[in-house]
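For reference, the chains in residue letters:
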Amino acid sequence: MSEASVAVHADADLLAQAVAARLVVKLLDAQAERGQASVVLTGGRIAAAIYRAVAALPARDAVDWSRVDVWWGDERFLPAGDPERNETQARAALLDVVPLHPARVHPMPASDGPAGPDPEEAAARYAAELAAAARPGTAALPHFDVLMLGVGEDGHVASVFPEHPVHYENRPVSAVRGSPKPPPVRTTLTLPAINTAEEVWLVASGADKARAVGMALAGAGPVQLPAAGVQGTGRTLWLLDRAAAADVPARLRSLR
Ligand SMILES: O=C(O)[C@H](O)[C@@H](O)[C@H](O)[C@H](O)COP(=O)(O)O
């Protein structure tokens, strides 16, 4: 179990630049230790800004991208190539720019893919893909070096929304219907699956995130505020801009 730490940057642009630099270093460290690296991506505006910032960093070429596994924490259940899919956004901003091994890029299924139009089947297939990449005989999930999460105004992370039945799902990947954030149908890693990651980074920018961030760090319940239930096995890091950090509890401010 890891104690959360908080880093605050002046604005959204500097936040994206700083997270991009951290990500490159994290991938390099993982490759130095294990010969490979794995990252779990998220969706949303700050995530897209981070991916663009990584693509623009000269140091990104120090990463051996052919030995990086790319997974997703959640996906909007839409046809392949839909501009609203998290995969489409990540590919346009970063994945199409760096020399990844195509077999190591693991998008969640699209609504027009082989899993068909059923999000439960899509979730089951993604769980099987994750299990196939896990260490034989150990876990249902591969090792995740770093898992990034945006944070919603309501405190959702990935597609785990407040008070949603997904909180009672035991499997690592769940279908989500009735998402309050469009589109309504999604697939997501569940909180227990998210919490297997070595490092979890929660990234939030803007004043409309301040309340959720403050409440999560003050110890709100995870069913009411999913971000409060996130914890990496080695490190839980909140990466914020000043506006999003406005309500961070005083006892955590010294960690800035
Ligand atoms: O599919 C999605 O929409 C995301 O994965 C979602 O969890 C997102 O990360 C947050 O809603 C924050 O998004 P913003 O950074 O755009 O506010």
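The structure under discussion appears in the preceding block.
Since we're looking at a predicted model, the values are computed, not measured.

Peer 1: What is the right way to read the sheet that holds strand β3 (residues 68–72) from this model?
Peer 2: Backbone-to-backbone hydrogen bonds pair the strands of a sheet. The strands run either parallel or antiparallel. Spatial strand order, β1-β9-β8-β5-β2-β3: six strands in an open sheet with parallel pairing. At either end of the open sheet lies a strand with only one pairing partner, and these are β1 (4–9) and β3. Across the sheet, the axes of successive neighbouring strands diverge by a mean angle of 20°, strand direction being ignored. Of the pairings in the sheet, the one linking strand β8 (residues 199–204) to strand β9 (residues 235–241) comprises six bridges and is parallel in character. What sits directly across from W201, in β9, is L237.

Peer 1: Please clarify how the packing of helix α2 (residues 45–56) against helix α3 (residues 86–95) should be interpreted in this entry.
Peer 2: How two helices sit against one another is set out by the angle between their axes and by the gap between those axes. Relative to each other, α2 and α3 sit at 25°, their axes nearing to 8 Å. It follows from the interaxial angle that α2 and α3 lie roughly parallel. Judged by residue contacts, A48, Y51, R52, V54 and A55 of α2 engage A90, A93 and L94 from α3. A per-class count over the contact of α2 with α3 returns seven nonpolar, no polar and one charged.

Reading the values: rules and limits
Residues numbered from 1 in each chain as written. Predicted model: local features only at pLDDT ≥ 70, side-chain atom pairs only at ≥ 80, totals over all residues. Heavy atoms only, no water. Pairing = 2+ DSSP bridges. Helix = DSSP H or I, 4+ residues; strand = E, 2+ residues; numbered from the N terminus. Axes fitted to C-alpha atoms, helices over the stretch in contact; angles between N-to-C directions. Parallel < 35°, antiparallel > 145°, perpendicular 65-115°, else oblique. Contact = heavy atoms within 4.5 Å. Nonpolar A, V, L, I, M, F, W, Y, C, P; charged D, E, K, R; others polar.

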